[in-house]
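Results of the structural survey
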Amino acid sequence: MTQHGSSTGPPRARRTGDDADVIVVGAGPGGSSAAYHLARAGLDVLLLEKSTFPREKVCGDGLTPRAVKQLVGMGIPLDPGDGWFPNKGIRIIGGGVRIELDWPELSSYPGFGLVRTRLDFDEILARHAQKAGARLLEGVNVTGPLRDDRTGRVIGVTARETVDGETAEHIFRGRVVIAADGNSSRLSVAMGLRKRDDRPLGVAVRTYYTSPRHDDDYLESWLDLWDGDRLLPGYGWIFGMGDGTSNVGLGLLNTSAAFGNTDYRALLKRWLRSMPEEWGYVEENRTEPVRGAALPMGFNRTPHYHRGLLLAGDAAGMVNPFNGEGIAYAMESGEILARTIAQALARPTREQAERVLHGYPQALRDAYGGYYALGRVFVQLIGHPQLMRFATRHGMSRPALMRFALKLLANLTDPRDGDAADRLINGMTRLAPNPR
């Protein structure tokens, strides 16, 4: 429920330190990345997380070189002895063909990926932001935006905290507010920013199994995802966690009639029944429940700045339409956002600060607009089973084409001095329409 600046009265249980330069709602990869970079810029940052760590999040747990680059840039140690399990690339299975593709060697990105369970990945990022100076409050459920009665601008948030069975209401005030509160984004909805039906949406389900394949150093993607005699627009994955278990799941896109009409958990079980028995993906080896989540893709909520509220990560629909990757783009958007806010709050007048903040959506379009536009076309194309079957059958047997596809789908190119594939992909991205 929206609250207004002059109608709330004195806040109950107000605490010293409830005000900040920037309030970040949600300590996922986007929120924690933004909080880290903002704190490093010398701003007073309040990071609010409704859960308490450690907490679960539905994810494939695979980190591509894009995500690794962000972790390196934040100075997070990536020692395998501390639970980071490296991988060389991706193994693709489809059309009766199996091919292993190493991550490309680029100057812009490291040549390796990682796997890390989200059960502690998000906490690592949040604690790192905390060490940089951000103030992290866990167990604080943000209930809505606090708005100025005169301008309608967001000037903080209302929140509820339960401690030892006692619930207290809080008001947190900030010069700007970041909505990094996930796909449903209560803050965005309260400000009238709803999901766009003209942008793709996916759904993913996953679980864990003990398996001898836990130490596989390639991420594995299965393109032939069948439901009876229907080829579905999506893929299955098997990611070794390096800890005795595999993360196993599947993702589907909303460009199919099967979307919304499929029991995804049952589909996962049927798909796994086709796996070799010695891999261990059977019910008695399952270690976690099967959980599902939505994948908001290709800027499916806009604008990314509205009256003092900036969107990051899943709240901004930042998931890559080509491959369902969200972590890297959440972290990158957090860095872009932090850079924008730091510049804005350094301006001497509110009008000048607003001008800078209004540049955030354009900065995101510059970074991803053309690429996401290509991704939206890709999503529509693979929604046609015949085309998907043709592409799988004729593309998988051509290693050079598949290496090109890996660069395109994973968005891994050098902007300058790259090879022919890099130049072609970068050219396609520049020429693609970039609508608001």
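Our subject in this report is the structure included herewith. (Residues numbered from 1 in each chain as written. Predicted model: local features only at pLDDT ≥ 70, side-chain atom pairs only at ≥ 80, totals over all residues. Heavy atoms only, no water.)

It is worth spelling out the overall build of the protein chain at this point. Scanning the protein chain for helices and strands turns up 11 helices and 21 strands. Along the first, second and third principal axes, the C-alpha atoms of the protein chain reach 65 × 50 × 45 Å. The buried share of the protein chain, reckoned over its 436 residues, is 55%. Sequence-distant contacts, at least 24 apart, represent 73% of the contacts inside the protein chain between residues at least 6 apart. Just so you have it, the protein chain exposes about 18,500 Å², and 52% of that area is on carbon and sulfur atoms. Positive and negative charge centroids in the protein chain, built from 54 and 50 side chains respectively, lie 7 Å apart. (Helix = DSSP H or I, 4+ residues; strand = E, 2+ residues; numbered from the N terminus. Buried < 20%, exposed > 50% of the residue type's maximum accessible area, 1.4 Å probe, protein only. Contact = heavy atoms within 4.5 Å. Areas by Shrake-Rupley, 256 points an atom, 1.4 Å probe, with all protein chains shown as cover. Lys, Arg positive; Asp, Glu negative; His and termini not counted. Charge placed at Lys NZ, Arg CZ, Asp CG, Glu CD.)

Another aspect to go through is the sheet that holds strand E8 (residues 113–115). One open sheet accounts for 3 strands, arranged E4-E8-E5; its pairing is antiparallel. Of all strands in the sheet, those bounded by a partner on one side alone are strand E4 (62–63) and strand E5 (85–87). In this sheet, E8 lies alongside E4 in antiparallel orientation, the contact comprising 2 bridges. Bridge pairing links Gly 62 to Val 115 in E8. (Pairing = 2+ DSSP bridges.)

Side chains that differ in sign of charge can pair as their charged atoms come close. For the structure shown, the criterion picks out 25 salt bridges. Across the salt bridge formed by Asp 21 and Arg 175, the nearest N and O atoms sit 3.8 Å from each other. With a gap of 154 residues between them, Asp 21 in strand E2 (residues 19–25) and Arg 175 in strand E12 (residues 166–179) connect regions that are remote in the sequence. One salt bridge in this structure joins Glu 354 and Arg 153, with 2.9 Å as the shortest N-O distance. Within this pair, whereas Glu 354 is found in helix H7 (residues 350–357), its partner Arg 153 is found in the loop between strand E10 (140–147) and strand E11 (154–163), the two being separated by 201 residues in sequence. (Salt bridge = Lys/Arg side-chain N within 4 Å of Asp/Glu carboxyl O.)

Between Phe 53 and Pro 54 the backbone carries a cis peptide bond, its omega angle lying at -5°. The linkage connecting Thr 302 with the following residue, Pro 303, adopts the cis geometry, with an omega of 0°. Its place among the elements puts Pro 303 in the loop between strand E19 (291–296) and strand E20 (305–306). Even without a glycine there, the phi angle at Ser 185 is positive, about 35°. Inspection of the secondary structure assignment puts Ser 185 in the loop between E12 and helix H4 (186–190).

This part is about the environment of Pro 212. Secondary-structure assignment places Pro 212 in the loop between strand E13 (201–210) and strand E14 (218–222). For Pro 212, a relative accessible area of 57% gives the class exposed. Spatially, the C-alpha atom of Pro 212 lies 9.9 Å from that of Tyr 281, the residues being 69 residues apart in sequence. Pro 212 has contacts with Glu 278 and Trp 279, leaving out every residue within four places of it along the chain.

The next thing to look at is helix H10 (residues 399–410). Taking 1.5 Å of rise per residue, the 12 residues of H10 would be expected to cover 16 Å, and the 16 Å separating its terminal C-alpha atoms lies within 8% of that figure. Taken as a whole, H10 has its buried residues at Met 402, Phe 404, Leu 406, Lys 407, Leu 408 and Ala 410. With its phi angle positive at about 55°, Asn 411 sits one or two positions after the end of H10. (Expected span 1.5 Å × (residues − 1).)

An α-helix turns once every 3.6 residues. As a result, residues three or four positions apart point the same way. Listed as buried for helix H2 (residues 65–73) are Pro 65, Arg 66, Ala 67, Val 68, Gln 70 and Leu 71. Buried-residue contacts for H2 involve E4, E8, helix H3 (118–132), helix H6 (327–345), helix H8 (360–382) and H10. Positive backbone phi, approximately 75°, marks Gly 75, located one or two places after H2.

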